[in-house]
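Single-letter residue listing:
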Amino acid sequence: MGFVRKLPLATIKMNKLIKYVFLIILINLISCVSKSKEKDNSIFNQKIWLDNMELGDGLKQNPRAPMTNDLMNNHIKNGMSRTEIIDLLGQPFKDEIQERLPNDIHQPDSINLRSIIGESDEKRQKILTDYNNWYHQNLRPDTLLIYTVGWTMTDSIFLVVKLNDKNSVNEFWIEQN
């Protein structure tokens, strides 16, 4: 029979603590490495953007999606010309004029569609008619360059660049359809 040496309880606890601390450090290092890779993907890369113009089927993430924040914060600027945007981003998915409500217009409370709940058929019809009339009276044409970005679980995501009457960037945003 061999001699089995028993370690003091304090030594056993210290060994477990060292293993635990080592494991935490290792997890943090792995996390930092993966986050640094994520950050690399989030920087706008024109070649990757231009190589991924298709909307796709939603089964895999378009590499454009992670870089849109950097694109919007550091590359697209109000006042850029249509030509500069197309030179930067390529041909848009759609280049069209759409009728939209201006951002600074507010719907009157008297035609709030939530107010039709519990109302008589006649009152609901009047509110809906008033709402439709107000909506169509306030629509304005917007020239939009629309670029595919990716998908959520069910909807496509687009970068929308609105041009003013001088054909330069007036606004830009991400839109889900």
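Conventions adopted
- Residues numbered from 1 in each chain as written.
- Predicted model: local features only at pLDDT ≥ 70, side-chain atom pairs only at ≥ 80, totals over all residues.
- Heavy atoms only, no water.
- Core = buried A, V, L, I, M, F, W, Y, C linked by side-chain atoms within 4.5 Å.
- Buried < 20%, exposed > 50% of the residue type's maximum accessible area, 1.4 Å probe, protein only.
- Helix = DSSP H or I, 4+ residues; strand = E, 2+ residues; numbered from the N terminus.
- Contact = heavy atoms within 4.5 Å.
- Salt bridge = Lys/Arg side-chain N within 4 Å of Asp/Glu carboxyl O.
- Pairing = 2+ DSSP bridges.
- Axes fitted to C-alpha atoms, helices over the stretch in contact; angles between N-to-C directions.
- Phe/Tyr/Trp six-rings, centres within 6.5 Å; stacked < 30°, edge-to-face > 60°.

Participant: Describe in detail the nonpolar core, supporting the description with residues and values.
Facilitator: Within the largest apolar cluster, 19 residues are counted, with the highest numbers of intra-cluster contacts made by Trp 49, Leu 71, Ile 76, Ile 85, Leu 89, Tyr 147 and Leu 159. At the level of elements, helix 3 (64–74), helix 4 (82–89), strand 2 (140–151) and strand 3 (156–163) are the ones that each hand at least two residues to this core. With residues up to four places along the chain from it excluded, the contact list for Tyr 147 reads Trp 49, Arg 64, Ile 85, Ile 86, Leu 89, Gly 90, Gln 91, Pro 92, Phe 93, Ile 157, Phe 158 and Leu 159.

Participant: Any chance you could break down the pattern of salt bridges for me, citing the residues and the numbers?
Facilitator: Throughout the structure, instances matching the rule amount to seven salt bridges. Two residues, Asp 51 and Lys 47, come together in a salt bridge whose shortest N-O distance is 2.8 Å. Here Asp 51 pairs with Lys 47, and both are found in helix 2 (residues 46–51), just four residues apart, close to one helical turn. The class of Lys 47 is exposed, set by a relative accessible area of 57%. The residue Glu 171 makes a salt bridge to Lys 162 at a minimum N-O spacing of 3.3 Å. The buried category is assigned to Lys 162, whose relative accessible area is 13%. What emerges from the salt-bridge pattern is a single network uniting Asp 142, Lys 162 and Glu 171.

Participant: Go over the sheet that holds strand 1 (residues 94–100), please, and point to the residues and values.
Facilitator: The four strands are arranged 1-2-3-4 in an open sheet whose pairing can be described as antiparallel. Each of the sheet's edge strands pairs with one partner strand only, and the pair in question is strand 1 and strand 4 (169–176). Taken pair by pair, the neighbouring strands of this sheet meet at an average axis angle of 35°, ignoring direction. Bridging between strand 1 and strand 2 involves seven bridges; their strand directions are antiparallel.

Participant: Can you lay out the packing of aromatic side chains for me, pointing to particular residues and giving the numbers?
Facilitator: The tally for this structure, following the rule as stated, stands at five aromatic pairs. Their ring planes at 55° and their centres at 6.4 Å tell us that Trp 49 and Tyr 147 sit as a pair that is tilted. Taken as a pair, Trp 49 in helix 2 and Tyr 147 in strand 2 lie far apart in primary sequence, 98 residues in all. In textbook terms, an aromatic cluster arises when at least three aromatic residues are bridged by ring pairs, as seen for Phe 44, Trp 49 and Tyr 147.

Participant: Please set out the pairing of strand 4 residue by residue, giving values where relevant.
Facilitator: Bridge analysis of strand 3 against strand 4 gives seven bridges, and the strand direction is antiparallel. Its bridge partner being in strand 4, Val 160 is matched across the sheet by Trp 173. Between strand 3 and strand 4, which follow one another and run antiparallel, lie five residues, and Asn 167 among them has a positive phi close to 65°.

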